[in-house]
Amino acid sequence: MANKILSVFIDESGDFGKYDPKSPYYYVSMVLHDQSVDISSEIDRLEQRVTNFGFPHHAIHVGPIIRREKQYENELMENRKSLFNALFHFTRRAGIFYLCAKINKAECEDNELSYIAKISRAISDELKDHIDFFNSYDLIINYYDYGQSNLTKIITSVFTALFNNVELRKVQPADYKLFQVADLICTMELTKDKADKNSLSHSEIEFFGSARDFKKNIYKQIEKKKLNK
(Lines give C-alpha, C1' and ligand atoms only; values in the text may rest on other atoms or scores of the structure.)
Protein backbone atom coordinates (compact mmCIF):
# COMPACT_ATOMS: atom_id res chain seq x y z
CA MET A 1 0.00 0.00 0.00
CA ALA A 2 1.28 3.46 -0.91
CA ASN A 3 2.55 5.69 1.86
CA LYS A 4 0.21 8.36 3.18
CA ILE A 5 1.95 11.72 2.80
CA LEU A 6 0.90 15.03 4.34
CA SER A 7 2.20 18.32 2.97
CA VAL A 8 2.34 21.20 5.45
CA PHE A 9 2.87 24.66 3.98
CA ILE A 10 3.98 27.14 6.63
CA ASP A 11 4.04 30.92 6.68
CA GLU A 12 4.24 33.60 9.36
CA SER A 13 3.01 37.10 10.07
CA GLY A 14 4.99 39.17 12.54
CA ASP A 15 8.58 39.24 13.68
CA PHE A 16 10.82 38.75 16.70
CA GLY A 17 11.21 42.47 17.28
CA LYS A 18 10.01 44.48 20.24
CA TYR A 19 6.34 44.52 21.18
CA ASP A 20 4.30 47.03 19.21
CA PRO A 21 0.68 47.64 20.28
CA LYS A 22 -0.20 48.30 16.64
CA SER A 23 0.81 44.73 15.73
CA PRO A 24 0.79 42.75 18.97
CA TYR A 25 0.43 39.23 17.57
CA TYR A 26 2.67 36.72 15.84
CA TYR A 27 0.93 34.13 13.64
CA VAL A 28 2.14 30.85 12.15
CA SER A 29 -0.24 29.28 9.63
CA MET A 30 0.01 25.64 8.57
CA VAL A 31 -1.89 24.63 5.43
CA LEU A 32 -2.44 20.87 5.31
CA HIS A 33 -2.79 18.82 2.13
CA ASP A 34 -3.17 15.05 1.96
CA GLN A 35 -1.22 14.24 -1.20
CA SER A 36 -3.74 11.57 -2.17
CA VAL A 37 -6.31 14.36 -2.70
CA ASP A 38 -5.94 15.66 -6.24
CA ILE A 39 -6.19 19.46 -6.41
CA SER A 40 -4.32 19.85 -9.70
CA SER A 41 -7.37 21.11 -11.60
CA GLU A 42 -7.94 23.83 -9.00
CA ILE A 43 -4.25 24.81 -9.17
CA ASP A 44 -4.43 24.99 -12.96
CA ARG A 45 -7.58 27.12 -12.76
CA LEU A 46 -5.95 29.52 -10.30
CA GLU A 47 -2.79 29.81 -12.39
CA GLN A 48 -4.84 30.54 -15.49
CA ARG A 49 -6.87 33.21 -13.74
CA VAL A 50 -3.78 34.91 -12.33
CA THR A 51 -2.10 34.80 -15.74
CA ASN A 52 -5.22 36.31 -17.35
CA PHE A 53 -4.95 39.19 -14.86
CA GLY A 54 -1.43 39.89 -16.15
CA PHE A 55 0.57 38.11 -13.42
CA PRO A 56 2.01 34.89 -14.91
CA HIS A 57 3.79 32.59 -12.44
CA HIS A 58 3.12 35.07 -9.66
CA ALA A 59 3.19 34.65 -5.88
CA ILE A 60 0.11 36.44 -4.55
CA HIS A 61 0.92 38.45 -1.40
CA VAL A 62 -2.35 39.33 0.30
CA GLY A 63 -1.17 42.06 2.69
CA PRO A 64 0.39 44.19 -0.05
CA ILE A 65 -2.70 43.64 -2.22
CA ILE A 66 -4.92 45.09 0.51
CA ARG A 67 -2.55 47.97 1.27
CA ARG A 68 -1.68 48.66 -2.40
CA GLU A 69 2.02 48.17 -1.78
CA LYS A 70 5.06 46.88 -3.68
CA GLN A 71 4.16 45.39 -7.07
CA TYR A 72 0.49 46.31 -6.58
CA GLU A 73 0.95 50.03 -5.97
CA ASN A 74 -0.22 50.96 -9.48
CA GLU A 75 -3.04 48.42 -9.63
CA LEU A 76 -6.66 49.54 -9.49
CA MET A 77 -8.88 48.26 -6.68
CA GLU A 78 -10.77 46.10 -9.18
CA ASN A 79 -7.59 44.32 -10.25
CA ARG A 80 -6.35 43.82 -6.70
CA LYS A 81 -9.71 42.39 -5.65
CA SER A 82 -9.64 40.04 -8.64
CA LEU A 83 -6.28 38.66 -7.54
CA PHE A 84 -7.45 38.32 -3.94
CA ASN A 85 -10.69 36.62 -4.97
CA ALA A 86 -8.84 34.15 -7.18
CA LEU A 87 -6.78 32.92 -4.20
CA PHE A 88 -9.71 33.18 -1.79
CA HIS A 89 -11.99 30.99 -3.93
CA PHE A 90 -9.17 28.54 -4.61
CA THR A 91 -8.79 28.17 -0.85
CA ARG A 92 -12.53 27.57 -0.43
CA ARG A 93 -12.70 24.91 -3.15
CA ALA A 94 -9.45 22.99 -2.71
CA GLY A 95 -9.30 19.88 -0.55
CA ILE A 96 -7.12 21.42 2.14
CA PHE A 97 -7.33 22.40 5.80
CA TYR A 98 -5.33 24.69 8.05
CA LEU A 99 -4.16 25.36 11.58
CA CYS A 100 -2.93 28.68 12.91
CA ALA A 101 -0.80 29.18 16.01
CA LYS A 102 -0.80 32.65 17.55
CA ILE A 103 0.95 34.42 20.41
CA ASN A 104 0.42 37.82 21.98
CA LYS A 105 3.84 39.42 22.15
CA ALA A 106 2.66 41.54 25.09
CA GLU A 107 2.68 38.32 27.16
CA CYS A 108 6.36 37.67 26.38
CA GLU A 109 9.42 39.10 27.97
CA ASP A 110 10.84 41.58 25.49
CA ASN A 111 13.56 39.30 24.18
CA GLU A 112 14.08 36.77 21.43
CA LEU A 113 14.31 33.70 23.66
CA SER A 114 10.92 34.45 25.19
CA TYR A 115 9.37 34.72 21.73
CA ILE A 116 10.98 31.46 20.63
CA ALA A 117 9.68 29.61 23.68
CA LYS A 118 6.17 31.03 23.33
CA ILE A 119 5.90 30.37 19.59
CA SER A 120 7.30 26.85 19.98
CA ARG A 121 4.69 26.08 22.62
CA ALA A 122 1.85 27.53 20.54
CA ILE A 123 2.76 25.44 17.49
CA SER A 124 3.27 22.34 19.63
CA ASP A 125 -0.14 22.80 21.25
CA GLU A 126 -1.85 23.03 17.84
CA LEU A 127 -0.15 19.84 16.68
CA LYS A 128 -0.90 17.96 19.90
CA ASP A 129 -4.56 18.92 19.67
CA HIS A 130 -4.63 17.02 16.35
CA ILE A 131 -2.04 14.36 17.14
CA ASP A 132 -4.11 11.44 15.81
CA PHE A 133 -4.53 13.23 12.49
CA PHE A 134 -0.79 13.76 12.06
CA ASN A 135 0.08 10.28 13.30
CA SER A 136 -2.12 8.77 10.58
CA TYR A 137 0.50 9.76 7.97
CA ASP A 138 3.64 7.85 7.04
CA LEU A 139 5.48 11.02 6.04
CA ILE A 140 5.02 14.72 6.90
CA ILE A 141 6.72 17.17 4.53
CA ASN A 142 7.00 20.74 5.77
CA TYR A 143 7.38 23.48 3.17
CA TYR A 144 8.73 26.86 4.27
CA ASP A 145 10.63 29.63 2.49
CA TYR A 146 13.17 30.01 5.33
CA GLY A 147 12.00 33.63 5.59
CA GLN A 148 12.86 33.80 9.29
CA SER A 149 15.76 31.71 10.54
CA ASN A 150 14.32 31.47 14.05
CA LEU A 151 11.05 30.08 12.74
CA THR A 152 12.92 27.59 10.55
CA LYS A 153 14.63 26.27 13.69
CA ILE A 154 11.35 26.23 15.63
CA ILE A 155 9.54 24.28 12.91
CA THR A 156 12.34 21.73 12.74
CA SER A 157 12.56 21.39 16.51
CA VAL A 158 8.84 21.12 17.27
CA PHE A 159 7.91 18.74 14.46
CA THR A 160 10.85 16.39 15.00
CA ALA A 161 10.17 16.31 18.74
CA LEU A 162 6.62 15.11 18.10
CA PHE A 163 7.06 12.98 14.97
CA ASN A 164 9.82 10.77 13.58
CA ASN A 165 8.72 10.99 9.95
CA VAL A 166 9.32 14.65 9.05
CA GLU A 167 11.12 16.36 6.17
CA LEU A 168 11.67 20.12 5.74
CA ARG A 169 11.89 21.58 2.25
CA LYS A 170 12.61 25.13 1.17
CA VAL A 171 10.09 26.66 -1.24
CA GLN A 172 9.95 29.51 -3.70
CA PRO A 173 6.54 31.13 -3.07
CA ALA A 174 5.68 31.46 -6.77
CA ASP A 175 6.10 27.70 -7.24
CA TYR A 176 3.53 26.61 -4.65
CA LYS A 177 -0.05 27.85 -4.53
CA LEU A 178 -0.56 26.32 -1.09
CA PHE A 179 2.28 28.40 0.31
CA GLN A 180 0.38 31.44 -0.98
CA VAL A 181 -2.69 30.10 0.83
CA ALA A 182 -0.64 30.03 4.04
CA ASP A 183 0.09 33.73 3.47
CA LEU A 184 -3.64 34.32 2.97
CA ILE A 185 -4.50 32.49 6.20
CA CYS A 186 -2.08 34.58 8.26
CA THR A 187 -3.53 37.79 6.87
CA MET A 188 -7.13 36.66 7.37
CA GLU A 189 -6.51 35.63 10.99
CA LEU A 190 -4.80 38.95 11.64
CA THR A 191 -7.64 40.88 10.00
CA LYS A 192 -10.23 38.92 11.98
CA ASP A 193 -8.52 39.84 15.26
CA LYS A 194 -8.52 43.49 14.18
CA ALA A 195 -12.17 43.26 13.13
CA ASP A 196 -13.08 41.87 16.57
CA LYS A 197 -11.59 45.01 18.09
CA ASN A 198 -13.10 47.34 15.47
CA SER A 199 -9.57 48.41 14.58
CA LEU A 200 -9.46 47.75 10.84
CA SER A 201 -7.20 50.13 8.95
CA HIS A 202 -8.46 52.50 6.28
CA SER A 203 -7.05 50.18 3.61
CA GLU A 204 -8.82 47.15 5.10
CA ILE A 205 -12.15 48.97 5.32
CA GLU A 206 -11.77 50.18 1.76
CA PHE A 207 -10.98 46.65 0.58
CA PHE A 208 -13.43 44.57 2.66
CA GLY A 209 -16.03 47.01 3.95
CA SER A 210 -16.94 47.03 7.63
CA ALA A 211 -15.66 44.60 10.26
CA ARG A 212 -19.04 42.87 10.08
CA ASP A 213 -18.79 42.58 6.30
CA PHE A 214 -15.33 41.03 6.54
CA LYS A 215 -16.34 38.45 9.13
CA LYS A 216 -19.56 37.53 7.31
CA ASN A 217 -18.33 37.50 3.71
CA ILE A 218 -14.69 36.47 4.02
CA TYR A 219 -13.61 35.04 7.35
CA LYS A 220 -16.68 32.84 7.78
CA GLN A 221 -15.72 31.03 4.58
CA ILE A 222 -12.04 30.77 5.50
CA GLU A 223 -12.82 29.44 8.97
CA LYS A 224 -14.61 26.44 7.42
CA LYS A 225 -11.21 25.20 6.28
CA LYS A 226 -9.83 25.08 9.83
CA LEU A 227 -9.00 21.50 10.89
CA ASN A 228 -11.48 20.32 13.52
CA LYS A 229 -10.36 18.68 16.72
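Preceding this section is the structure that the text describes.
S.K.: What should I look at first to understand the overall build of the protein in this one?
M.R.: The helix and strand inventory of the protein stands at 9 helices and 5 strands. Counting from the amino terminus, helix and strand elements in the protein follow one another as β-β-α-α-α-β-α-α-β-α-β-α-α-α. At 17 Å, the protein has a C-alpha radius of gyration in line with the 17 Å of a compact globule built from 229 residues. In terms of its C-alpha atoms, the protein occupies a principal-axis envelope of roughly 50 × 45 × 30 Å. In the protein, which comprises 229 residues, the share counted as buried stands at 47%.

S.K.: Which parts of the structure should I look at to understand the nonpolar core?
M.R.: Nonpolar side chains tend toward joint burial in soluble globular proteins. The biggest cluster of nonpolar side chains holds 72 residues, and the ones touching the most others in it are Phe84, Ile119, Ile123 and Met188. Not counting residues within four places of it along the chain, the set of residues in contact with Ile119 comprises Phe16, Tyr26, Val28, Ile103, Leu151 and Ile154.

S.K.: Which parts of the structure should I look at to understand the pattern of salt bridges?
M.R.: One side chain can pair with another of opposite charge once the charged atoms of both are near each other. Considering all chains together, one arrives at 12 salt bridges under this definition. The residue Glu42 makes a salt bridge to Arg93 at a minimum N-O spacing of 3.1 Å. Taken together, the positions of Glu42 in helix 1 (residues 40-52) and Arg93 in helix 3 (residues 77-93) put the pair 51 residues apart, joining distant regions of the chain. Two residues, Arg67 and Glu69, come together in a salt bridge whose shortest N-O distance is 3.0 Å. With relative accessibility at 43%, the residue Arg67 sits in the partly exposed group. Members of the salt-bridge network, linked through shared partners, are Glu42, Arg45 and Arg93.

S.K.: Help me understand the sheet that holds strand 2 (residues 25-34), please; the structure alone is not making it clear to me.
M.R.: Each strand in a sheet pairs with its neighbour through backbone hydrogen bonds, running either in the same direction (parallel) or in the opposite one (antiparallel). Taken together, 5 strands build an open sheet; the order of strands is 3-2-1-4-5 and the sheet is mixed. Here the strands that pair on one side only, and so sit at the sheet edges, are strand 3 (97-104) and strand 5 (166-170). Recorded for the sheet is a direction-independent mean angle of 20° between the axes of neighbouring strands. In terms of strand pairing, strand 4 (residues 139-144) meets strand 5 through 5 bridges, oriented parallel. Across the sheet, Asn142 pairs through a bridge with Leu168, a residue of strand 5. Each of strand 1 (5-13), strand 2, strand 4 and strand 5 touches helix 6 (residues 149-162); the most contacted strand, strand 4, lies at about 170° to it. With respect to the sheet, helix 7 (residues 177-196) is in contact with strand 1, strand 2, strand 3 and strand 4, its orientation differing from that of strand 2 by roughly 140°.

S.K.: Explain the packing of helix 3 against helix 7 here, please?
M.R.: Working note: a packed helix pair is described by the angle between its axes plus the distance between those axes. At a minimum axis distance of 10 Å, the contact between helix 3 and helix 7 shows a crossing angle of 100°. Considering the angle they form, helix 3 stands roughly perpendicular to helix 7. From helix 3, Phe84, Leu87, Phe88, Phe90 and Thr91 reach across to helix 7, where they touch Lys177, Leu178, Gln180, Val181, Leu184 and Met188. Residues that form the contact of helix 3 with helix 7 fall into these classes: 8 nonpolar, 2 polar and 1 charged.

S.K.: What exactly am I supposed to notice about the packing of aromatic side chains here?
M.R.: A ring pair, where both rings are aromatic, is described by two values, the distance of the centres and the angle of the planes. By the definition in use, this model includes 18 aromatic pairs. Arranged with centres 6.4 Å apart and planes meeting at 65°, the rings of Phe16 and Tyr115 form a pair that is edge-to-face. Of this pair, Phe16 sits in the loop between strand 1 and strand 2 while Tyr115 is found in helix 4 (residues 112-129), placing the two residues 99 residues apart along the sequence. The class for Tyr115 is buried, based on a relative accessible area of 2%. Note on Phe159 and Phe163: the rings are 6.2 Å apart at their centroids and 45° apart in plane angle, and the pair reads as tilted. The pair formed by Phe159 and Phe163 is uniform in burial state, with each residue classed as buried. Across the ring face of Tyr137, the terminal group of Lys4 is positioned such that the distance to the ring centre comes to 4.6 Å. The ring centre of Phe207 lies 5.9 Å from the NZ or CZ of Lys81, which sits over that ring.

S.K.: Looking at this model, I keep getting lost on the side chain of Asp193. Mind explaining?
M.R.: Assignment of secondary structure puts Asp193 in helix 7. By relative accessible area, Asp193 is classed as buried at 12%. Look past the residues within four positions of Asp193 in its chain and what remains in contact with it is Tyr25, Tyr27 and Lys102.

Each value, and the rule that gives it
- Residues numbered from 1 in each chain as written.
- Predicted model: local features only at pLDDT ≥ 70, side-chain atom pairs only at ≥ 80, totals over all residues.
- Heavy atoms only, no water.
- Helix = DSSP H or I, 4+ residues; strand = E, 2+ residues; numbered from the N terminus.
- Rg over C-alpha atoms; globule rule 2.2 N^0.38 Å.
- Buried < 20%, exposed > 50% of the residue type's maximum accessible area, 1.4 Å probe, protein only.
- Core = buried A, V, L, I, M, F, W, Y, C linked by side-chain atoms within 4.5 Å.
- Contact = heavy atoms within 4.5 Å.
- Salt bridge = Lys/Arg side-chain N within 4 Å of Asp/Glu carboxyl O.
- Pairing = 2+ DSSP bridges.
- Axes fitted to C-alpha atoms, helices over the stretch in contact; angles between N-to-C directions.
- Parallel < 35°, antiparallel > 145°, perpendicular 65-115°, else oblique.
- Nonpolar A, V, L, I, M, F, W, Y, C, P; charged D, E, K, R; others polar.
- Phe/Tyr/Trp six-rings, centres within 6.5 Å; stacked < 30°, edge-to-face > 60°.
- Lys NZ or Arg CZ within 6 Å of the ring centre and 35° of its normal.

So yeah, pure geometry; function would need other evidence.
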